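Each chain, written out:
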Amino acid sequence: MIELLVRWLPNHLFDVYRRWFGTYEILDPRPMARQNPYTFHLPENEEVEAIEPGGLVKLIFTSIPEARDTAGERMWLIVTGRDGAFFEGVLDNIPSDIPQLRYQQEIKFEAHHIIDVIWNDDANRAKFAGDDQKWFMRCLVDDCVVYEDVPIGLVYREEAEKLGGEHVDSGWRILGDQTGLDESEIDARTRSWIAIGVVLNRDDGFVDLLHHPAGSAFERDAITGQYVPERIH
């Protein structure tokens, strides 16, 4: 019991301090969108212009002082008013680790803070429906490409596999550059199923090749960075 109290008390006091003396910040998502153009999509200007009171918008909040476990929380607000690029709304979520925010708290924010919109009318829902989901189709990629910044060496497409859950296989397979590696080093590489947009955020030199059918293969020229057709044996 004493051990539990020792662990609980500092966290409780920290939450009390934040609730009474802390504040929050609404993050500007534009730098994240620039760094991850294929997997972090912001509403277009036309979409933001169509937002009216009663609509739902999503923002990213961060705690000051910093939260223990989260860098930010994405939460929905119900828009209650707007004046050009300036909005007012009430929080429609219960914060997980930002005790200085509460459900239905009034929030003022600006158009550039909005990262997503839920429409309450069929016309706008149909008008602004995008095809972003194609960037979240899965590919099988060498982990070194994603986590160690190893350049891509080869991309090729197979017949798509049936994956579990809601994920869809694009058929694309992506290998890291193998220059200077022996067979054992190549075999030691691990691979993962991830969204193809995550790979494109790092190197989108092959984005214009994604329409090619199964059986296609392209090798990356280490000098020019261009992808050239390759025959797979």
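Quick look at the structure, then. Quick caveat, the model's predicted, so the values are computed rather than measured.

For Q104, which is not a glycine, the phi torsion comes out positive at approximately 70°. When you line up the elements, Q104 lands in the loop between β4 (86-91) and β5 (106-110). Residues other than glycine seldom take positive phi values, yet D149 does so here, at roughly 60°. Relative to the helices and strands, D149 resides in the loop between α5 (143-147) and β8 (152-157). Take D149: its relative accessible area is 63%, and that puts it in the exposed class.

With that settled, consider the side chain of R173. You can see R173 is positioned in strand β9 (residues 169-176). Accessibility expressed as a relative area gives 1% for R173, which makes it buried. Within the structure, R173 has its side chain in polar contact with the side chain of D169 (distance 2.8 Å). Look past the residues within four positions of R173 in its chain and what remains in contact with it is L140, L154, V155, Y156, E158, E159, E161, R191 and W193.

Calculation rules
- Residues numbered from 1 in each chain as written.
- Predicted model: local features only at pLDDT ≥ 70, side-chain atom pairs only at ≥ 80, totals over all residues.
- Heavy atoms only, no water.
- Helix = DSSP H or I, 4+ residues; strand = E, 2+ residues; numbered from the N terminus.
- Buried < 20%, exposed > 50% of the residue type's maximum accessible area, 1.4 Å probe, protein only.
- Polar contact = N/O pair within 3.5 Å; in protein donor to acceptor, adjacent residues only side chain to side chain.
- Contact = heavy atoms within 4.5 Å.

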